[in-house]
Amino acid sequence: MRKIYMDNSATTRVSARAYERTAEVLRDSYGNPSSIYGEARDAKIILEEARSQVASVLNSRPEEIYFTGSGTEADNWAIRSAFEKNGRKGHLITTAIEHHAVLHTCEYLEKQGCDVTYLPVEEDGIISLDKLQDSIRPDTFLITIMYANNEVGTIQPVAEIAAVAREHKILFHTDAVQAFGKIPIDVKELGVDMLSVSAHKIHGPKGVGCLYVRKGVNLPPFLLGGAQERKKRAGTENLASIAGFGVAAVESMENRQEKNRKLKEMTDYLVERVLREIPYTRLNGDQEKRIPGNVNFSFQFVEGESLLLLLENQGVMASSGSACTSGSLDPSHVLLAMGLPHEIAHGSLRISLDSEENNMEDVRHLADVLPGIISRLRDMSPLYEDHLKGCQTGE
Ligand code: PLP
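If you're wondering where the values come from, they're calculated on a predicted model, not measured in any experiment.

Draft legend 1. How the structure looks around the environment of D130. Within the fold, D130 resides in helix 5 (residues 129–135). Between the C-alpha atom of D130 and that of I45, which follows or precedes it by 85 residues, the distance is 47 Å.

In structure tokens:
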């Protein structure tokens, strides 16, 4: 049976060009970029070329890009070092729907004496700017709000949030792991102070990411040791993966409009068929303000894990909630924050399509098999049975 990968928000296949570059550097360029002889100078050139490539996609200066070991590390660094910079005291604002890389870091800082506001989101998954304004205190030192959500794909008003932060002289960090490479991001235009990115979400290698830190924001270092990354993030650089990341970053924005048009065509088709053919279904998150390729449904009277297993039997790999919460039986904190009741949040399905990985035939296959799977699961559900009885007796 053909395997159809529809979980591109969890991770992506490494592109041919990123793979070739990574393998080439791994094989041929073993120099340590910090040394001074020829081999090392070549390694340093490779490192700086990748930095310029990533910077070009964000419209930043190359020296504002600091390579990290993941998006998670970039998030940890931004938030923990901002707390450090503020004298390990004060108040920060985030949202209830962040990735755990941000949420767990904020929870950790709370134990260290930091006050944290977890802003709620509206039903569409987007924060209210008024609520953000209202939550600002004289001791607020950081606002950290994600660019695009990893489960429902909704995009936050990042430029407006940055303007609010600037007006109050508060640092602003955004986790752009899901947005980078899918929609244009211009850090200068947005006015963000720090922004996290990860390579494996954009067809680059795993275990590499970066933090953009605006020139002038003197962020304390995250890892101590050598002088790598301008003494901010010690440790010999993962050169091969960084080189692959640079290539993947540039590649992600090539023909982006056309890629996004194709993604929209596929998601529109899927949404239309699923909502028309499967009763008691809702589409989660704002319909327009979302990253291309992401669709998140909730099927009432269905349990997400069982749904994934039956989908896999039909060759489809997808997820229920985020990659990090799958494996746990808790419903998604994102869907709960959007006001979904537990039992509906449990029956959610995230489909994340990619313009290279997927085509209309894949999407048609999913739309063809999904109604049968849902009715099979509902037939086994005592809740659905009670619901049907209720309908018959008019309760
Ligand atoms: N932030 C968001 C929004 C994500 O989706 C992810 C990955 O799922 C991360 C951070 C973590 O990135 P990484 O897997 O590179 O640690």
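After that view, the rundown keeps rolling.
Draft legend 2. Representation of the sheet that holds strand 10 (residues 294–299). One open sheet holds the three strands; their spatial order is 9-10-12, and the pairing between them is antiparallel. Of all strands in the sheet, those bounded by a partner on one side alone are strand 9 (281–283) and strand 12 (348–352). For this sheet, the mean inter-axis angle between neighbouring strands, taken without regard to orientation, is 20°. One ladder, built from three bridges, connects strand 9 with strand 10; its direction is antiparallel. If you follow T281 over to strand 10, its bridge partner there is F299.

Draft legend 3. Helix 9 (residues 239–253), seen in detail. Between its first and last C-alpha atoms helix 9 spans 22 Å; for 15 residues at 1.5 Å apiece the expected length is 21 Å, and the two agree. With 13 of 15 residues buried, helix 9 lies mostly within the body of the structure. N255 occupies a position one or two residues after helix 9 and carries a positive phi of about 50°.

Draft legend 4. Quick look at the site of the ligand. The local shell around the ligand holds 13 residues, among which T72, D175, Q178, S198 and K201 are the closest. One of the backbone nitrogen or oxygen atoms of G71 is found 2.8 Å away from an oxygen atom of the ligand. Contact between the ligand and H99: an oxygen atom at 3.3 Å from a side-chain N or O atom of the residue. Considered on its own, the ligand offers 390 Å² of accessible surface; in the complex 90% of this is hidden by protein. Per-element accounting of the shell around the ligand gives the leading share, three residues, to helix 3 (residues 71–85).

Cut-offs and rules
- Residues numbered from 1 in each chain as written.
- Predicted model: local features only at pLDDT ≥ 70, side-chain atom pairs only at ≥ 80, totals over all residues.
- Heavy atoms only, no water.
- Helix = DSSP H or I, 4+ residues; strand = E, 2+ residues; numbered from the N terminus.
- Pairing = 2+ DSSP bridges.
- Axes fitted to C-alpha atoms, helices over the stretch in contact; angles between N-to-C directions.
- Expected span 1.5 Å × (residues − 1).
- Buried < 20%, exposed > 50% of the residue type's maximum accessible area, 1.4 Å probe, protein only.
- Near = heavy atom within 4 Å.
- Polar contact = N/O pair within 3.5 Å; in protein donor to acceptor, adjacent residues only side chain to side chain.
- Areas by Shrake-Rupley, 256 points an atom, 1.4 Å probe, with all protein chains shown as cover.

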